[in-house]
Amino acid sequence: MSSETDGTSDDTGPLARWARNAIHNPRRVYRALFYVAMAFFMVTTVFPFYWLLVLAVTPQGNLLSGSFLPTVELFGVSGTFPLPVPKGFNPTAFVTVFEQVPFHLYVLNSFVLATTTTVIVLIVASLAGYVFGRIEFPGRALLMLGILAISYFPPAAFVIPLFQAFAGNAPITIPFIGVPLFTPPRLLNTPGSMVMPFSALFLPLSIFILTTFYGQIPDGLEDAARVEGTTRLGALFRVIVPLSAPGVATAGVLTFISVYNEYFFSSIMATSPEASKWSPIVGGILSYQTQYTTQYNLMAAASVVGVIPVVVLVIIAQERIVSGLTAGALKE
C-alpha cells in the first residue's frame, strides 16, 4: 500500500510537489516571493540605470552601429550575451556634460526649486495637519476626503489652464459667467510657474502624513504648553512638530525627491531660452538635443550625474523614511 502511495506521489508534477512541500515548509513560499520581487526590482529599477551607464561610456559614433548584445563563445558554443555591454569605452562624457553646458547650474536649480517647494509644503501641511488632526469641526472628514481626491487628479488636467494663467495674456474670469476678475502677472518661464504647481501637487500627501502624526500626540503635552502661555502656533512648532519629526522628515524627503525628479511641468513651463537661467535638470538634459543632432551619450551621462544626489539623499534618510512610514502601525 505504501509503495502505491509512493508511486503516486512520484508521478505528480514538480509544481504539485513544490506546492505540497510549501504547505509543510512555508519558508519555500517566502523565499520564492522574495526572488520574484528582487527580479522585478532588478529589471524595472537597476537595469535602466545600468543601461544609462552603458550609453554614457559608449562613444557617440558607436551608438548607432549595431546591437549592444555581443555574441560570446563558450566551450565551443556561440550565443548572445543577455546584457548590453558598451561598444567602446569613453568616460570623458561625464566631463563633457559640464563643459558643453553649465550642467552644475541646472542641478543647483533643481535643488533650489525642490528646497523651496519642500519648505512651502511643510509649512502649509503643518498648519492643515494640525487643524485636521487636533481640532474637531463639522465636515472635517468630508474636507479631508476632498483633499485626498484632488491628489488623484492627473497633472495633465491642469496644464492648459495653468499655462494660460501663467502666460498673463488674458484676465481670470468667473466660470460660467465670464466676469473678469484680474489679469495675472506673467509667470511663464519663471520659477514661480513651477513652484506653485509643485506645491499644489505634493501638498495633499504631506497633509495626510502630518495629520496622522499630529493626531497621535497626547493632548496633555499641548495643554501644558498652552498653560505656560504659548499660542496654538507656538505649541505647534515648539511641541508637536519636534515630537512628529519622523513624519515631518518623511513628508519633506518625499516632496523633495518628487520635485527634484519632476519632468512634466519642468518641460512645459520652461519653453524659452530665457528660462535657461533657472531651468532644472530636465532643461539641462534636453539641452544636449538640438534640431539636427542628439547626443545620447551626453544625455545618459547627465542623467546619471543627476541621479547621484538623490541616491545619496535616500541612503542618508532611508531610516527616517522607513520609521516615518511605519510609525503608528503598532499599539503598545
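This one's a predicted model, so the numbers in the text were calculated from it and none came from an experiment. (Residues numbered from 1 in each chain as written. Predicted model: local features only at pLDDT ≥ 70, side-chain atom pairs only at ≥ 80, totals over all residues. Heavy atoms only, no water.)

1. Notes on the overall build of the chain
A count of helical and extended segments in the chain gives 14 helices and four strands. Scaling as 2.2 N^0.38, a compact globule of 332 residues should have a C-alpha radius of gyration of about 20 Å, whereas the chain reaches 27 Å, well beyond that. Seen along its three principal axes, the alpha-carbon backbone of the chain occupies a region of about 80 × 70 × 45 Å. Within the chain, the fraction of its 332 residues that count as buried is 32%. Contacts in the chain between residues at least 24 apart in sequence constitute 69% of all its contacts with a sequence separation of at least 6. Here the chain displays about 20,400 Å² of accessible surface, and carbon together with sulfur accounts for 69% of that area. With 15 positive and 15 negative side-chain charges, the chain shows a separation of 6 Å between the mean positions of the two kinds. (Helix = DSSP H or I, 4+ residues; strand = E, 2+ residues; numbered from the N terminus. Rg over C-alpha atoms; globule rule 2.2 N^0.38 Å. Buried < 20%, exposed > 50% of the residue type's maximum accessible area, 1.4 Å probe, protein only. Contact = heavy atoms within 4.5 Å. Areas by Shrake-Rupley, 256 points an atom, 1.4 Å probe, with all protein chains shown as cover. Lys, Arg positive; Asp, Glu negative; His and termini not counted. Charge placed at Lys NZ, Arg CZ, Asp CG, Glu CD.)

2. Quick look at the environment of alanine 56
Locating alanine 56 in the fold gives a position in helix α3 (residues 27–57). In this structure the C-alpha to C-alpha distance between alanine 56 and proline 91, which are 35 residues apart in sequence, comes to 7.3 Å.

3. Some thoughts on the packing of helix α5 (residues 103–134) against helix α10 (residues 232–243)
Where α5 meets α10, the closest approach of the two axes is 11 Å, and the angle between their N-to-C directions is 100°. Judged on the interaxial angle alone, α10 and α5 are roughly perpendicular. Here Ser126, Leu127, Tyr130 and Arg134 of α5 come into contact with α10, specifically with Arg232, Leu233, Leu236, Phe237 and Ile240. Taken together, the residues that form the contact of α5 with α10 break down as six nonpolar, one polar and two charged. (Axes fitted to C-alpha atoms, helices over the stretch in contact; angles between N-to-C directions. Parallel < 35°, antiparallel > 145°, perpendicular 65-115°, else oblique. Nonpolar A, V, L, I, M, F, W, Y, C, P; charged D, E, K, R; others polar.)

4. Looking at the side chain of serine 199
Looking at the element boundaries, serine 199 is found in helix α8 (residues 192–214). For serine 199, a relative accessible area of 10% translates into the label buried. Beyond its immediate chain neighbours, meaning those up to four positions away, serine 199 contacts Thr117, Ile120 and Val121.

5. Describing the domain arrangement of the chain
On domain assignment, one finds that the chain holds domain 1 (15–80) and domain 2 (92–329). With centres defined by C-alpha atoms, the gap from domain 1 to domain 2 works out at 35 Å. Between domain 1 and domain 2, the contact holds ten residues from the first and eleven residues from the second. Interface area for domain 1 against domain 2, summed over the two sides, is near 770 Å², with a carbon-plus-sulfur share of 78%. In terms of surface lost to domain 2, no three residues of domain 1 exceed Leu52, Ala56 and Gln60, which account for 54% of the buried area on that side. Between the two partners, domain 1 and domain 2, sit zero salt bridges. Inspection of the region where domain 1 meets domain 2 yields one residue pair in polar contact (both at pLDDT 80 or more). Looking at the side of domain 1 that touches domain 2 residue by residue, the class counts come to eight nonpolar, two polar and no charged. (Domains from an automatic or database assignment. Buried area = accessible area lost by both parts, 1.4 Å probe. Salt bridge = Lys/Arg side-chain N within 4 Å of Asp/Glu carboxyl O. Polar contact = N/O pair within 3.5 Å; in protein donor to acceptor, adjacent residues only side chain to side chain.)

6. What to know about the pattern of salt bridges
Taken as a whole, this structure holds four salt bridges when the rule is applied. For arginine 140, the salt bridge identified is with glutamate 136, shortest N-O distance 3.3 Å. Overall, arginine 140 belongs to the partly exposed group, its relative accessible area being 24%. Taken together, the shared-partner salt bridges connect Arg134, Asp219, Glu222 and Arg232 into one network.

7. A look at empty space enclosed by the protein
Counting across every chain of the model gives one cavity of 30 Å³ or more. Size it by volume and the largest cavity reaches roughly 60 Å³. Elements with a minimum of two residues in the lining of the largest cavity: α5, α8, α11 (245–260) and α13 (281–286). Considering every element that reaches the lining of the largest cavity, the biggest residue donor is α5, with three residues. (1 Å grid on protein atoms, 1.4 Å probe; cavity = no way out; pocket = protein on both sides within 12 Å on 5 of 7 lines; lining within 4 Å. Points joined across faces, edges and corners; volume = space filled by probe spheres on them.)

8. Focus on the UniProt feature "transmembrane region" (unreviewed entry) in the chain
In the numbering adopted here, UniProt assigns the feature "transmembrane region" (unreviewed entry) to residues 32–53, 106–130, 142–163, 194–214, 235–260 and 296–317. Between the C-alpha atoms that bound residues 142–163 there is a distance of 30 Å. The span itself is 64% helix and 0% strand. Across residues 235–260, the secondary structure splits into 96% helix and 0% strand, with the terminal C-alpha atoms separated by 32 Å. (UniProt positions renumbered as here; feature names shortened; annotations may be inferred.)

9. Focus on the layout of surface pockets
Where empty space is left can be seen by rolling a probe of water-molecule size over the atoms. Estimates place the volume of the largest pocket at around 370 Å³. Taken together, Phe41, Thr45, Val46, Pro48, Phe49, Leu52, Asn261, Val307, Val310, Val311 and Val314 make up the lining of the largest pocket. Among the secondary structure elements, those contributing two or more residues to the lining of the largest pocket are α3 and α14 (296–326). The element best represented in the lining of the largest pocket is α3, accounting for six residues. Per-class residue counts for the lining of the largest pocket are nine nonpolar, two polar and no charged. Lining the lining of the largest pocket are residues from two domains, each supplying at least three of them: domain 1 (15–80) and domain 2 (92–329).

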